[in-house]
Amino acid sequence: MGLLLLAVAVALWVIPSREYIFLPDRAHPVAPLVIVAGHHQAKGNGGIYFVDVIVRKASLLERLFGGLHDGASLYPASQIIPKGLNEAKQRQLDLDEMRLSQQTAAAVAMHSLGTKVPRVDTGARVFSVESGKPAAGHLQPRDVIVAVDGVPVRSPADVTRVMHGKPIGTLVQFTVHRNGKTRTVGLHTVAAGHDSKRGIVGILLDQAGVSFDAHGVGGPSAGLAFALEILEQLGRNVDHGHKIAATGEIWPNGSVHPIGGIEQKTIGARAAGVDAFLVPAGENARDARKYAKGLRIIPVKSFQQALHALATLPADP
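Here's what I pulled together on the structure shown here. (Residues numbered from 1 in each chain as written. Predicted model: local features only at pLDDT ≥ 70, side-chain atom pairs only at ≥ 80, totals over all residues. Heavy atoms only, no water.)

### Digging into the nonpolar core
Step number 1: Counting 38 residues, the largest nonpolar core has L224, F226, L228, I230, L231, L278 and F303 as its most contacted members.
Step number 2: Of all elements in the fold, only strand 3 (34-36), strand 4 (47-50), helix 4 (87-112), helix 6 (223-233), strand 16 (243-246), strand 19 (276-280), strand 20 (296-300) and helix 9 (303-311) reach the threshold of two or more residues within this core.
Step number 3: The element best represented in this core is helix 6, accounting for seven residues.
Step number 4: If near-sequence neighbours (up to four positions away) are discounted, I230 is found in contact with V34, V36, A105, A106, A109, V210 and F212.
Step number 5: Membership of the second largest hydrophobic core comes to 18 residues, among which are V153, M163, V172 and V185. (Core = buried A, V, L, I, M, F, W, Y, C linked by side-chain atoms within 4.5 Å. Buried < 20%, exposed > 50% of the residue type's maximum accessible area, 1.4 Å probe, protein only. Helix = DSSP H or I, 4+ residues; strand = E, 2+ residues; numbered from the N terminus. Contact = heavy atoms within 4.5 Å.)

### As for the side chain of T104
Step number 1: Mapped onto the fold, T104 is located in helix 4.
Step number 2: Under the relative-accessibility criterion, T104 is labelled buried at 10%.
Step number 3: Each residue touching T104, except ones within four places of it in the same chain, is listed here: I250, W251 and P252.

### What to know about the sheet that holds strand 16
Step number 1: Strand order in the open sheet formed by five strands is 2-4-16-19-20, and the pairing between neighbours is mixed. Two strands close off the open sheet at either side, each with one partner strand: strand 2 (28-29) and strand 20.
Step number 2: Of the strand pairs in this sheet, strand 19 and strand 20 are connected by five bridges, and their pairing is parallel. Across the sheet, the residue bridging to A276 is R296, located in strand 20.
Step number 3: Here helix 7 (residues 262-271) sits on the sheet in contact with strand 16, strand 19 and strand 20, set at roughly 160 degrees to strand 19.
Step number 4: Packing against the sheet, helix 8 (residues 283-291) makes contact with strand 19 and strand 20, and its axis sits at approximately 175 degrees to strand 20. (Pairing = 2+ DSSP bridges. Axes fitted to C-alpha atoms, helices over the stretch in contact; angles between N-to-C directions.)

### Considering the packing of helix 4 against helix 6
Step number 1: Running from N to C, helix 4 and helix 6 point in directions that differ by 40 degrees, and their axes come no closer than 8 Å. The angle between the axes of helix 4 and helix 6 places the two elements in the oblique class. For the pair helix 4 and helix 6, the sense of crossing is right-handed. Between helix 4 and helix 6, the contacting residues are M98, S101, Q102, A105, A106, A109 and S112 on the first element and G223, F226, A227, I230 and L231 on the second. (Parallel < 35°, antiparallel > 145°, perpendicular 65-115°, else oblique. Left-handed = near helix turned anticlockwise from the far one by under 90°.)

### Section: helix 9
Step number 1: F303, A306, L307, A309 and L310 are the residues of helix 9 that are buried. Projected down its long axis, helix 9 carries its buried residues within an arc of 165 degrees, all on one side. (Arc of directions from axis to C-beta.)

### Here's the deal with the environment of K243
Step number 1: The topology assignment puts K243 in strand 16.
Step number 2: Sequence-wise, K243 and I48 are 195 residues apart; in three dimensions their C-alpha atoms are separated by 6.1 Å.
Step number 3: Here K243 is in contact with N45, G46, G47, Y49, A272, G273, V274, D275 and A276, once residues within four sequence places are set aside.

### Digging into the packing of helix 7 against helix 8
Each packed pair of helices is defined by two parameters, the angle between the axes and the distance between the axes.
Step number 1: It is the contact of helix 7 with helix 8, at a shortest axis distance of 9 Å, that shows an interaxial angle of 50 degrees. Relative to helix 8, the element helix 7 is oriented oblique. Between helix 7 and helix 8 lies a crossing of right-handed hand. Across the interface between the two elements, I262, E263, T266 and R270 from helix 7 touch N284, D287, A288 and Y291 from helix 8.
Step number 2: Looking at the contact of helix 7 with helix 8, its residues break down into three nonpolar, two polar and three charged. (Nonpolar A, V, L, I, M, F, W, Y, C, P; charged D, E, K, R; others polar.)

### Regarding the environment of V185
Step number 1: You can see V185 is positioned in strand 11 (residues 181-188).
Step number 2: Residue class for V185 comes out buried when judged on its relative accessible area of 10%.
Step number 3: On a C-alpha basis, the gap between V185 and V172 in space is 8.2 Å, while along the polypeptide they are 13 residues apart.
Step number 4: Setting aside residues no more than four positions away along its own chain, V185 makes contact with H138, L139, V172, Q173 and F174.

Have a look at this one:
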(Lines give C-alpha, C1' and ligand atoms only; values in the text may rest on other atoms or scores of the structure.)
Protein backbone atom coordinates (compact mmCIF):
# COMPACT_ATOMS: atom_id res chain seq x y z
CA MET A 1 0.00 0.00 0.00
CA GLY A 2 2.85 2.34 0.86
CA LEU A 3 4.50 1.80 -2.53
CA LEU A 4 1.15 2.34 -4.26
CA LEU A 5 0.60 5.64 -2.46
CA LEU A 6 4.14 6.70 -3.34
CA ALA A 7 3.56 5.82 -7.00
CA VAL A 8 0.33 7.81 -7.04
CA ALA A 9 2.04 10.81 -5.43
CA VAL A 10 4.87 10.69 -7.97
CA ALA A 11 2.34 10.49 -10.82
CA LEU A 12 0.43 13.47 -9.47
CA TRP A 13 3.65 15.46 -9.28
CA VAL A 14 5.05 14.51 -12.68
CA ILE A 15 2.00 14.32 -14.96
CA PRO A 16 1.27 17.84 -16.21
CA SER A 17 -2.24 19.25 -16.18
CA ARG A 18 -3.74 21.67 -18.67
CA GLU A 19 -2.96 24.55 -16.34
CA TYR A 20 0.20 26.60 -16.14
CA ILE A 21 1.99 27.63 -12.98
CA PHE A 22 3.80 30.93 -12.43
CA LEU A 23 6.68 30.77 -9.94
CA PRO A 24 9.01 33.48 -8.59
CA ASP A 25 12.62 33.60 -9.77
CA ARG A 26 15.33 35.51 -7.93
CA ALA A 27 16.11 38.84 -9.63
CA HIS A 28 19.23 38.78 -11.83
CA PRO A 29 21.87 41.46 -12.54
CA VAL A 30 21.36 42.98 -15.98
CA ALA A 31 25.02 43.92 -16.54
CA PRO A 32 26.19 40.49 -17.80
CA LEU A 33 23.43 40.53 -20.43
CA VAL A 34 24.27 43.92 -22.01
CA ILE A 35 27.40 44.93 -23.90
CA VAL A 36 27.89 48.53 -25.05
CA ALA A 37 30.77 48.67 -27.52
CA GLY A 38 33.80 50.52 -26.15
CA HIS A 39 32.37 50.71 -22.63
CA HIS A 40 32.47 48.60 -19.52
CA GLN A 41 30.18 47.46 -16.76
CA ALA A 42 29.95 49.99 -13.96
CA LYS A 43 31.81 49.15 -10.76
CA GLY A 44 30.49 49.61 -7.25
CA ASN A 45 28.08 48.14 -4.76
CA GLY A 46 24.92 48.98 -6.69
CA GLY A 47 23.52 47.56 -9.89
CA ILE A 48 20.43 47.15 -12.04
CA TYR A 49 18.46 43.90 -11.76
CA PHE A 50 15.74 42.44 -13.96
CA VAL A 51 13.00 40.11 -12.79
CA ASP A 52 11.36 37.25 -14.63
CA VAL A 53 8.83 34.53 -13.90
CA ILE A 54 9.26 30.77 -14.21
CA VAL A 55 6.33 29.54 -16.32
CA ARG A 56 5.64 25.86 -16.92
CA LYS A 57 2.80 23.36 -17.03
CA ALA A 58 1.54 22.57 -13.55
CA SER A 59 1.59 19.02 -12.27
CA LEU A 60 -1.66 17.49 -11.09
CA LEU A 61 -0.34 17.64 -7.53
CA GLU A 62 0.32 21.36 -7.87
CA ARG A 63 -3.15 21.81 -9.31
CA LEU A 64 -4.93 19.84 -6.60
CA PHE A 65 -3.00 21.15 -3.60
CA GLY A 66 -2.40 24.88 -3.65
CA GLY A 67 0.30 26.45 -1.51
CA LEU A 68 3.04 24.04 -2.50
CA HIS A 69 5.21 26.97 -3.61
CA ASP A 70 5.49 30.47 -2.16
CA GLY A 71 4.02 32.97 -4.59
CA ALA A 72 2.72 30.40 -7.08
CA SER A 73 -0.25 31.23 -9.31
CA LEU A 74 -2.21 28.86 -11.55
CA TYR A 75 -3.68 29.87 -14.90
CA PRO A 76 -5.69 27.92 -17.48
CA ALA A 77 -3.85 27.20 -20.70
CA SER A 78 -6.26 29.50 -22.59
CA GLN A 79 -4.82 32.50 -20.72
CA ILE A 80 -1.22 31.54 -21.55
CA ILE A 81 -1.42 30.11 -25.07
CA PRO A 82 -3.88 32.08 -27.25
CA LYS A 83 -6.23 30.18 -29.52
CA GLY A 84 -4.52 29.17 -32.76
CA LEU A 85 -1.04 28.99 -31.21
CA ASN A 86 0.93 26.16 -29.67
CA GLU A 87 3.69 26.27 -27.06
CA ALA A 88 6.46 26.53 -29.67
CA LYS A 89 4.82 29.44 -31.49
CA GLN A 90 4.06 31.24 -28.24
CA ARG A 91 7.67 30.76 -27.18
CA GLN A 92 8.87 32.34 -30.43
CA LEU A 93 6.51 35.28 -29.94
CA ASP A 94 7.91 35.77 -26.43
CA LEU A 95 11.47 35.80 -27.79
CA ASP A 96 10.47 38.26 -30.53
CA GLU A 97 8.94 40.53 -27.88
CA MET A 98 12.17 40.37 -25.87
CA ARG A 99 14.23 41.33 -28.91
CA LEU A 100 11.91 44.25 -29.70
CA SER A 101 12.11 45.43 -26.08
CA GLN A 102 15.91 45.37 -26.32
CA GLN A 103 15.88 47.50 -29.46
CA THR A 104 13.47 49.96 -27.88
CA ALA A 105 15.46 50.13 -24.65
CA ALA A 106 18.64 50.94 -26.56
CA ALA A 107 16.94 53.65 -28.61
CA VAL A 108 15.30 55.25 -25.54
CA ALA A 109 18.57 55.20 -23.60
CA MET A 110 20.51 56.79 -26.46
CA HIS A 111 17.91 59.49 -27.07
CA SER A 112 17.74 60.34 -23.38
CA LEU A 113 21.32 61.58 -23.61
CA GLY A 114 20.46 64.12 -26.32
CA THR A 115 23.65 65.57 -27.78
CA LYS A 116 25.78 64.23 -24.92
CA VAL A 117 26.19 60.73 -26.34
CA PRO A 118 29.58 59.25 -25.37
CA ARG A 119 31.74 57.67 -28.03
CA VAL A 120 29.80 54.64 -29.21
CA ASP A 121 28.83 53.36 -32.62
CA THR A 122 25.33 54.66 -33.24
CA GLY A 123 22.93 53.84 -36.02
CA ALA A 124 20.66 50.97 -36.93
CA ARG A 125 22.45 47.65 -37.33
CA VAL A 126 21.00 45.17 -39.82
CA PHE A 127 20.11 42.07 -37.85
CA SER A 128 18.77 40.00 -40.75
CA VAL A 129 17.73 40.35 -44.39
CA GLU A 130 14.56 38.71 -45.68
CA SER A 131 15.01 36.50 -48.73
CA GLY A 132 13.19 37.70 -51.82
CA LYS A 133 12.86 41.30 -50.61
CA PRO A 134 14.66 44.34 -52.13
CA ALA A 135 17.43 44.37 -49.51
CA ALA A 136 18.49 40.79 -50.31
CA GLY A 137 21.89 40.83 -52.00
CA HIS A 138 22.38 44.54 -51.30
CA LEU A 139 22.38 44.90 -47.51
CA GLN A 140 24.03 42.41 -45.17
CA PRO A 141 23.68 41.45 -41.51
CA ARG A 142 25.93 43.69 -39.37
CA ASP A 143 25.73 46.59 -41.85
CA VAL A 144 25.14 49.77 -39.85
CA ILE A 145 22.67 52.20 -41.39
CA VAL A 146 23.74 55.75 -40.52
CA ALA A 147 21.40 57.69 -42.82
CA VAL A 148 18.22 57.19 -44.85
CA ASP A 149 17.64 59.58 -47.77
CA GLY A 150 20.34 61.77 -46.27
CA VAL A 151 18.64 62.01 -42.87
CA PRO A 152 21.05 60.87 -40.09
CA VAL A 153 19.83 57.97 -37.96
CA ARG A 154 21.03 56.90 -34.52
CA SER A 155 18.60 54.05 -33.87
CA PRO A 156 16.13 51.69 -35.55
CA ALA A 157 13.35 54.06 -34.49
CA ASP A 158 14.91 56.79 -36.65
CA VAL A 159 14.79 54.48 -39.69
CA THR A 160 11.12 53.76 -39.00
CA ARG A 161 10.34 57.48 -38.78
CA VAL A 162 12.05 58.29 -42.09
CA MET A 163 10.43 55.33 -43.85
CA HIS A 164 6.94 56.09 -42.53
CA GLY A 165 4.51 57.19 -45.20
CA LYS A 166 6.76 56.47 -48.19
CA PRO A 167 4.60 55.04 -51.01
CA ILE A 168 5.24 51.53 -52.27
CA GLY A 169 7.79 51.63 -55.07
CA THR A 170 9.69 54.61 -53.64
CA LEU A 171 13.46 54.61 -54.15
CA VAL A 172 15.08 54.95 -50.73
CA GLN A 173 18.80 55.65 -50.28
CA PHE A 174 20.46 53.83 -47.35
CA THR A 175 23.89 55.03 -46.24
CA VAL A 176 25.66 52.18 -44.47
CA HIS A 177 28.96 51.40 -42.79
CA ARG A 178 30.43 48.03 -43.72
CA ASN A 179 33.94 46.77 -42.93
CA GLY A 180 35.21 50.28 -42.25
CA LYS A 181 33.82 51.75 -45.47
CA THR A 182 30.73 53.86 -46.17
CA ARG A 183 28.48 53.18 -49.12
CA THR A 184 25.01 54.21 -50.29
CA VAL A 185 22.53 51.61 -51.48
CA GLY A 186 19.32 52.52 -53.32
CA LEU A 187 16.33 50.19 -52.78
CA HIS A 188 12.74 50.37 -54.00
CA THR A 189 10.13 49.61 -51.34
CA VAL A 190 7.58 46.82 -51.73
CA ALA A 191 4.33 46.14 -49.87
CA ALA A 192 4.77 44.76 -46.36
CA GLY A 193 2.05 42.19 -47.04
CA HIS A 194 -1.06 41.43 -49.04
CA ASP A 195 -3.15 44.60 -49.46
CA SER A 196 -0.71 46.50 -47.21
CA LYS A 197 0.07 50.10 -48.06
CA ARG A 198 3.23 50.12 -45.93
CA GLY A 199 6.47 50.04 -47.89
CA ILE A 200 9.43 47.92 -46.72
CA VAL A 201 12.76 46.70 -48.04
CA GLY A 202 12.92 43.51 -45.96
CA ILE A 203 15.34 44.11 -43.08
CA LEU A 204 15.21 43.62 -39.32
CA LEU A 205 17.23 46.10 -37.28
CA ASP A 206 18.75 46.47 -33.86
CA GLN A 207 20.75 49.19 -32.13
CA ALA A 208 24.32 49.56 -33.33
CA GLY A 209 26.91 49.46 -30.57
CA VAL A 210 24.69 47.60 -28.11
CA SER A 211 24.44 43.82 -27.84
CA PHE A 212 22.24 41.64 -25.65
CA ASP A 213 22.14 38.06 -24.43
CA ALA A 214 18.96 37.42 -22.45
CA HIS A 215 19.78 33.71 -21.96
CA GLY A 216 16.49 32.60 -23.49
CA VAL A 217 14.24 34.82 -21.37
CA GLY A 218 11.24 36.04 -23.39
CA GLY A 219 8.68 38.83 -23.19
CA PRO A 220 8.88 42.64 -23.13
CA SER A 221 8.99 43.30 -19.38
CA ALA A 222 12.76 43.78 -19.04
CA GLY A 223 12.78 46.85 -21.29
CA LEU A 224 13.06 49.39 -18.46
CA ALA A 225 15.88 47.45 -16.79
CA PHE A 226 17.81 47.20 -20.08
CA ALA A 227 17.52 50.94 -20.75
CA LEU A 228 18.79 51.77 -17.25
CA GLU A 229 21.75 49.42 -17.63
CA ILE A 230 22.74 50.88 -21.01
CA LEU A 231 23.01 54.32 -19.43
CA GLU A 232 25.09 52.85 -16.59
CA GLN A 233 27.56 51.42 -19.11
CA LEU A 234 27.65 54.72 -20.99
CA GLY A 235 29.00 56.33 -17.82
CA ARG A 236 25.87 57.79 -16.25
CA ASN A 237 25.45 57.01 -12.56
CA VAL A 238 21.91 55.65 -12.69
CA ASP A 239 21.74 53.46 -9.57
CA HIS A 240 23.68 55.88 -7.29
CA GLY A 241 25.16 52.94 -5.40
CA HIS A 242 21.81 51.18 -4.85
CA LYS A 243 20.76 47.72 -5.95
CA ILE A 244 17.73 48.45 -8.12
CA ALA A 245 15.29 45.94 -9.60
CA ALA A 246 13.15 47.18 -12.48
CA THR A 247 10.32 45.85 -14.57
CA GLY A 248 8.12 47.40 -17.23
CA GLU A 249 7.62 47.40 -20.98
CA ILE A 250 9.24 50.48 -22.47
CA TRP A 251 7.84 52.19 -25.57
CA PRO A 252 9.79 54.28 -28.10
CA ASN A 253 8.51 57.52 -26.53
CA GLY A 254 10.00 56.44 -23.19
CA SER A 255 6.69 55.60 -21.51
CA VAL A 256 6.60 52.57 -19.21
CA HIS A 257 3.71 50.12 -19.51
CA PRO A 258 2.26 47.31 -17.33
CA ILE A 259 3.53 43.75 -17.28
CA GLY A 260 2.31 40.39 -15.99
CA GLY A 261 3.44 38.25 -13.06
CA ILE A 262 3.94 41.19 -10.70
CA GLU A 263 3.42 39.03 -7.58
CA GLN A 264 6.18 36.62 -8.58
CA LYS A 265 8.46 39.44 -9.73
CA THR A 266 8.08 41.31 -6.44
CA ILE A 267 8.96 38.15 -4.51
CA GLY A 268 11.96 37.65 -6.84
CA ALA A 269 13.14 41.20 -6.20
CA ARG A 270 12.85 40.69 -2.45
CA ALA A 271 14.83 37.44 -2.69
CA ALA A 272 17.72 39.29 -4.36
CA GLY A 273 17.88 41.80 -1.50
CA VAL A 274 17.53 44.88 -3.70
CA ASP A 275 17.04 48.33 -2.19
CA ALA A 276 14.11 49.35 -4.39
CA PHE A 277 11.86 48.00 -7.13
CA LEU A 278 10.79 50.18 -10.07
CA VAL A 279 7.41 49.09 -11.44
CA PRO A 280 4.82 50.54 -13.83
CA ALA A 281 2.48 52.97 -12.09
CA GLY A 282 -1.13 51.99 -11.52
CA GLU A 283 -2.34 48.45 -10.94
CA ASN A 284 1.17 46.94 -11.12
CA ALA A 285 2.39 49.25 -8.36
CA ARG A 286 -0.68 48.57 -6.18
CA ASP A 287 -0.22 44.81 -6.51
CA ALA A 288 3.53 45.00 -5.92
CA ARG A 289 2.94 46.74 -2.59
CA LYS A 290 0.79 43.79 -1.47
CA TYR A 291 3.82 41.50 -1.67
CA ALA A 292 6.60 44.00 -0.90
CA LYS A 293 7.00 43.15 2.80
CA GLY A 294 9.16 46.23 3.38
CA LEU A 295 10.69 46.46 -0.10
CA ARG A 296 10.54 50.01 -1.43
CA ILE A 297 8.19 50.11 -4.44
CA ILE A 298 8.68 53.02 -6.86
CA PRO A 299 5.88 53.52 -9.43
CA VAL A 300 6.97 55.10 -12.71
CA LYS A 301 5.19 56.16 -15.88
CA SER A 302 8.25 56.99 -17.99
CA PHE A 303 11.97 56.42 -18.34
CA GLN A 304 12.74 60.00 -17.35
CA GLN A 305 10.60 59.62 -14.23
CA ALA A 306 12.54 56.47 -13.35
CA LEU A 307 15.85 58.34 -13.69
CA HIS A 308 14.57 61.18 -11.51
CA ALA A 309 13.27 58.76 -8.86
CA LEU A 310 16.65 57.03 -8.65
CA ALA A 311 18.54 60.34 -8.52
CA THR A 312 16.47 61.41 -5.51
CA LEU A 313 16.44 58.04 -3.71
CA PRO A 314 17.56 58.45 -0.08
CA ALA A 315 21.00 57.18 0.80
CA ASP A 316 19.50 54.68 3.25
CA PRO A 317 16.53 53.02 1.47
